[in-house]
Amino acid sequence: MRTSRAVLASVRTIRSLVESPRLGEDATVNGWVRSVRRMKKVAFADIGDGTSADTLAVVLTPEQSKQLSTGACVQLSGKLSESPGNQKFELQVAEPVPGKPDPVKVLGPADQSYPLQKKFHTAEYLRTIPSFRWKTLGNSSVLRYRSYAQSRIARYFESAGFTQVSSPIITSSDCEGAGEVFTINSGEPDKNQKQPYFFGDKPAYLSVSSQLHLEVYAAALSRVWNMAPAFRAEKSDTNRHLSEFWMVEAELAFTESLKDVMTVAEQMIRAAVPDSAMAIDIIQSNKQSSSTKQETLKQRWQMLSQPKPWARVTYTEAVELLRKEFPSLKWGDSLSSEQEKHLAAHIIQGPVFVTDYPMHQKPFYMKKNAVSDETKATVACFDLLVPEMGELIGGSLREDDHQTLLSAMNDNNMNPDDLEWYLDLRKYGSFPHGGYGMGFERLVCFVCGVENIREAIGFPRWAGSCVC
Ligand code: 4AD
């Protein structure tokens, strides 16, 4: 036990070296060669291990460097020293000593055909090499932010008294009622054809949202949240739509106020704003980008953490505000992505909750507002819009009256028998409640300045593409 601890202690990640370099000490580092530069008497290599946006400068002899090639996986041992170059420190690789382990160990070689070289690669090219695209500095930072944001969000929910639950991926219902579901048609049905589908007499689908199941959990645990994959069979070829994405969803019992739901959503996002270490990581990963992009990112983080609560306007007010720029826009129209972005970026100049949309635009489960004019019926819902991205979150109060929900389902041409279990929540111990869902990749795009949502997820799927 003591021996293995001692061995591990001398193996350092690049992150631990950056956090506490301990210059003058011996260290062993594992990583992948990003580049090698050979001179007559000395050679330099740049090593990355993905634990940090920093890479490690390594100094070795030209002879030793012959073993290194771009993309190879190596283990290097030597002394940490102050660097005369622009790096803070470097690893001076030890000279080989007969009878002792070689200070340069190639764990996995890579030859000339290695597809990543030390030059700019476009996002489109990187998508064609899914096994390697996460090794670039900018992309690896996105993965570190995903991990950071997930843990901050989990911490926030815990502190706010929410229980984390797990919801099914395979469901029998289309939560949004928009018909954008992937149907599961594989699997052997019953041989006697008594059950025409794998799961029985009805087809099953991939979940578009965990909301309906979260409502069941909320009826038992009061405050619940989850983060789960969501699937949408919509052929939207845009930079903010995926066929498979992750959704963070929360459901709160005992609220009759949309304000409560928006406050939770706002606090959750504030908790995921990069702290100083994460901010340095993202900025460092964008060091090849223009200083304008770096400034934009800092402004976005400041915008999210501004002390004053985020703006809230009703849909009706939003239409009025937008009419100056879009004169043909009228009450009842859906706001286009361009209009959403304009509202947040130029009119509000920050995040904005748009509430109380016309009823006909929204799904069956949203709670109807009391209105005098039925032609202007609205529901107690909100979309959170942010500059340059548009919609980040959708949420609402849920209809908790059995009869009203039934008639909403009828109005939407839905069969109440398909959602009997959901209707039962209104039959027995119905409770006022509301919740929301946030597209996690949209948050990642906004915070990390990722232009296309396909670069915000490990293995993107969209209509026409499912690589590996
Ligand atoms: O507005 P949506 O469709 O709301 C729901 O699904 C609710 N049932 C959630 C709830 O109340 N629990 O989706 C919620 C969010 C959107 O605001 C958007 O950020 C994201 O999910 N989203 C997508 N993200 C990536 N690709 C897509 N195709 C997306 N569709 C929605």
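Residues numbered from 1 in each chain as written. Predicted model: local features only at pLDDT ≥ 70, side-chain atom pairs only at ≥ 80, totals over all residues.

- In the annotation of an unreviewed UniProt entry, the entry for the chain reads asparagine--tRNA ligase, and the organism field reads Sugiyamaella lignohabitans.
- Among the UniProt annotations of the chain, the heading Sequence similarities (unreviewed entry) holds the following wording: "Belongs to the class-II aminoacyl-tRNA synthetase family." (UniProt positions renumbered as here; feature names shortened; annotations may be inferred.)

### Things to note about the site of the ligand
Step number 1: Taken together, 22 residues form the shell around the ligand, and within it Ser 209, Gln 211, Gly 394, Gly 437 and Gly 439 come nearest.
Step number 2: Elements that contribute at least two residues to the shell around the ligand include exactly β13 (244-253), β17 (390-397), β18 (433-439) and α14 (440-448).
Step number 3: Here the residues of the shell around the ligand sort into eight nonpolar, eight polar and six charged. (Near = placed C-beta within 6 Å. Helix = DSSP H or I, 4+ residues; strand = E, 2+ residues; numbered from the N terminus. Nonpolar A, V, L, I, M, F, W, Y, C, P; charged D, E, K, R; others polar.)

### Focus: the packing of helix α5 (residues 137-159) against helix α7 (residues 258-271)
A pair of packed helices can be characterised by two numbers: the angle between their axes and the separation between those axes.
Step number 1: In contact at an axis separation of 8 Å, α5 and α7 are set at 135° when each is read in the N-to-C sense. It follows from the interaxial angle that α5 and α7 lie oblique. With respect to the hand of their crossing, α5 and α7 are arranged in right-handed fashion. Side by side, α5 and α7 meet where Arg 152, Ile 153, Arg 155 and Tyr 156 of the first sit next to Gln 267, Met 268 and Ala 271 of the second. (Axes fitted to C-alpha atoms, helices over the stretch in contact; angles between N-to-C directions. Parallel < 35°, antiparallel > 145°, perpendicular 65-115°, else oblique. Left-handed = near helix turned anticlockwise from the far one by under 90°. Contact = placed C-beta atoms within 7 Å.)

### A look at the pairing of strand β5 (residues 73-82)
Step number 1: In this sheet, β5 lies alongside strand β2 (residues 26-38) in antiparallel orientation, the contact comprising seven bridges. The residue bridging Val 29 from the neighbouring strand is Leu 76, located in β5.
Step number 2: Summarising the sheet, β5 and strand β7 (residues 104-108) pair through four bridges and their orientation is antiparallel. The partner of Val 74 across the bridge, within β7, is Val 106.
Step number 3: Here β5 runs beside strand β6 (residues 89-93); their pairing, made up of five bridges, is antiparallel. When the sheet's bridge partners are listed, Lys 79 is paired in β6 with Gln 92.
Step number 4: Counting the residues in the hairpin turn of β5 and β6 gives six residues. (Pairing = 2+ DSSP bridges.)

### Here's the deal with the sheet that holds β17
Step number 1: With mixed pairing, eight strands are arranged side by side in an open sheet as β8-β12-β13-β18-β17-β16-β15-β14. Strands at the two margins of the open sheet, each flanked by one partner only, are β8 (163-164) and β14 (311-314).
Step number 2: Docked against the sheet, α7 engages β13, β14, β15 (352-355), β16 (381-386), β17 and β18, running at close to 30° with respect to β18.
Step number 3: Against the sheet, α14 contacts β12 (223-231), β13, β16, β17 and β18, and its axis sits at roughly 105° relative to β13.

### Focus: the nonpolar core
Step number 1: Counting residues in hydrophobic clusters, the biggest one holds 85 residues, and the most contacted among them are Ala 265, Ala 318, Val 352, Leu 443 and Val 444.
Step number 2: Counting 21 residues, the second-largest nonpolar core is a separate cluster that includes Val 29, Val 33, Ile 47 and Val 58. (Core = buried A, V, L, I, M, F, W, Y, C linked by C-beta atoms within 7 Å. Buried ≥ 20, exposed ≤ 12 C-beta atoms within 10 Å, placed from the backbone.)

### A word on the sheet that holds strand β9 (residues 170-171)
Step number 1: In spatial order, the strands read β9-β11-β10; together these three strands make up an open sheet with antiparallel pairing. Each having just a single partner strand, β9 and β10 (183-184) make up the two edges of the open sheet.
Step number 2: Here β10 pairs with strand β11 (residues 204-206) via two bridges, running antiparallel. Paired with Ile 184 across the two strands is Ala 204, which belongs to β11.

### Topic: the pairing of β12
Taken residue by residue, a regular strand's side chains alternate between the two faces of the sheet.
Step number 1: Two strands pair when backbone bridges link them, and β8 and β12 are joined in this way by two bridges, in the parallel orientation. In the strand pairing of β12, Thr 163 is matched with Val 224.
Step number 2: Taken together, the nine bridges between β12 and β13 define a ladder with antiparallel strand orientation. Bridging across to β13, Arg 223 finds its partner in Leu 252.

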